[in-house]
Amino acid sequence: MKAIFLLAASLFMTVPVFAEDMEAFTAADDGVITITDDSISVQESYNYNFGFVRKGKSESARFRLRNNGSYPFYINDIDTNGKYFSHTENCGGVLWPGQSCRATVKFAPKQVGQFSGALHFDLIGRSDIWVYLRGVGYNF
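Here the structure is a predicted model, which is why all the values come from computation and not from measurement.

(A) Focus on the overall build of the protein. Each helix and strand in the protein was counted, giving 1 helix and 10 strands. Starting at the N terminus and ending at the C terminus, the protein contains elements arranged as α-β-β-β-β-β-β-β-β-β-β. Relative to its 140 residues, the protein shows a buried fraction of 33%. Of all intrachain contacts in the protein linking residues separated by at least 6 positions in sequence, the fraction that spans at least 24 positions is 68%. Put simply, the protein shows about 8400 Å² of open surface, and 53% of that area lies on carbon and sulfur atoms.

In structure tokens, the structure reads:
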């Protein structure tokens, strides 16, 4: 009985919680993160759910970072974390006004279960931007 309780408790601790007031991208959309003003602060958090992906297969999502401000902003790094999430991107160190760049995230589960991770845009002189990722690997 104690073992069942501990197992159930650990399952609840590993389930990611996503705030409802964050903007959520859907699988049908190309996520666009736009910086429209020259202030230091931007919307910092987004969500993306890959849904159910068969074990051994993969799904990809593209996220575009666009500078609609009047000044350039600087990108220190872009990375992903989380099991079975990876990314490629074409962003340089500077995003000039009117320019955009793209990061493509791939979710490729190698086992069954719920997984979470994040795509992180590390910006210099501005708030970092996080896209919280989740997906479920299945096997039928």
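(B) Highlighting the state of the cysteines. Tallied over the entire structure, the rule returns 1 disulfide. One disulfide bridge connects cysteine 91 with cysteine 101, the sulfur atoms lying 2.0 Å from each other. Disulfide cysteine 91-cysteine 101: torsion about the S-S bond near 90 degrees, hence right-handed. Residue cysteine 91 is found in the loop between strand S6 (85–89) and strand S7 (94–95), and its partner cysteine 101 is found in strand S8 (residues 100–107); the two are separated by 10 residues along the sequence. Exposure class is identical for cysteine 91 and cysteine 101. Each is buried.

(C) Representation of the side chain of histidine 120. Examined against the element boundaries, histidine 120 turns out to sit in strand S9 (residues 113–124). At a separation of 2.9 Å, a polar atom in the side chain of histidine 120 contacts the side chain of aspartate 128. Contact partners of histidine 120, with chain neighbours within four places excluded, come to Asp77, Ile78, Asp79, Asp128, Ile129 and Trp130.

(D) The arrangement of the nonpolar core in detail. Residues Phe50, Leu65, Ile75, Leu119, Phe121, Val131 and Leu133 are the most contacted members of the largest nonpolar core, which totals 27 residues. Those elements giving two or more residues to this core turn out to be strand S2 (31–35), strand S3 (45–54), strand S4 (59–67), strand S5 (73–81), S8, S9 and strand S10 (129–138).

(E) Inspection of the environment of asparagine 76 at higher detail. Locating asparagine 76 in the fold gives a position in strand S5. Separated by 18 residues in the primary sequence, asparagine 76 and valine 94 place their C-alpha atoms 8.8 Å from one another. Non-local contacts of asparagine 76, meaning those with residues more than four positions away in its chain, are made with Asp122, Leu123 and Ile124.

(F) Region of interest: the packing of aromatic side chains. Inspection of the entire model under this criterion finds 8 aromatic pairs. Ring centres of phenylalanine 50 and phenylalanine 107 lie 5.7 Å apart, and the angle between their planes is 40 degrees; this geometry places the pair in the tilted category. Within this pair, whereas phenylalanine 50 is found in strand S3, its partner phenylalanine 107 is found in strand S8, the two being separated by 57 residues in sequence. Comparing phenylalanine 50 with phenylalanine 107 shows no difference in burial state: the two are buried. Relative to phenylalanine 115, the ring of tyrosine 84 lies with its centre 5.0 Å away and its plane at 85 degrees, an arrangement referred to as edge-to-face. Here tyrosine 84 is found in the loop between S5 and S6, whereas its partner phenylalanine 115 is found in strand S9, with 31 residues between them in sequence. Here tyrosine 84 falls in the buried class, since its relative accessible area comes to 19%. Three or more aromatic residues link up through ring pairs in this structure, and these residues are Tyr48, Phe50, Phe63, Tyr84, Phe85, Phe107 and Phe115.

(G) Representation of the sheet that holds S2. In space, the 4 strands of this open sheet follow the order S2-S4-S8-S6, with mixed pairing throughout. Every other strand in the sheet has two partners, leaving S2 and S6 as the edge strands with one partner each. Each strand of the sheet is rotated relative to its neighbour by a mean of 20 degrees, with strand direction disregarded. Sheet topology places S4 next to S8; 8 bridges connect them, and they run antiparallel. By the bridge assignment for S8, arginine 62 is matched with threonine 104.

Parameters and conventions
Residues numbered from 1 in each chain as written. Predicted model: local features only at pLDDT ≥ 70, side-chain atom pairs only at ≥ 80, totals over all residues. Heavy atoms only, no water. Helix = DSSP H or I, 4+ residues; strand = E, 2+ residues; numbered from the N terminus. Buried < 20%, exposed > 50% of the residue type's maximum accessible area, 1.4 Å probe, protein only. Contact = heavy atoms within 4.5 Å. Areas by Shrake-Rupley, 256 points an atom, 1.4 Å probe, with all protein chains shown as cover. Disulfide = S-S within 2.5 Å. Polar contact = N/O pair within 3.5 Å; in protein donor to acceptor, adjacent residues only side chain to side chain. Core = buried A, V, L, I, M, F, W, Y, C linked by side-chain atoms within 4.5 Å. Phe/Tyr/Trp six-rings, centres within 6.5 Å; stacked < 30°, edge-to-face > 60°. Pairing = 2+ DSSP bridges. Axes fitted to C-alpha atoms, helices over the stretch in contact; angles between N-to-C directions.

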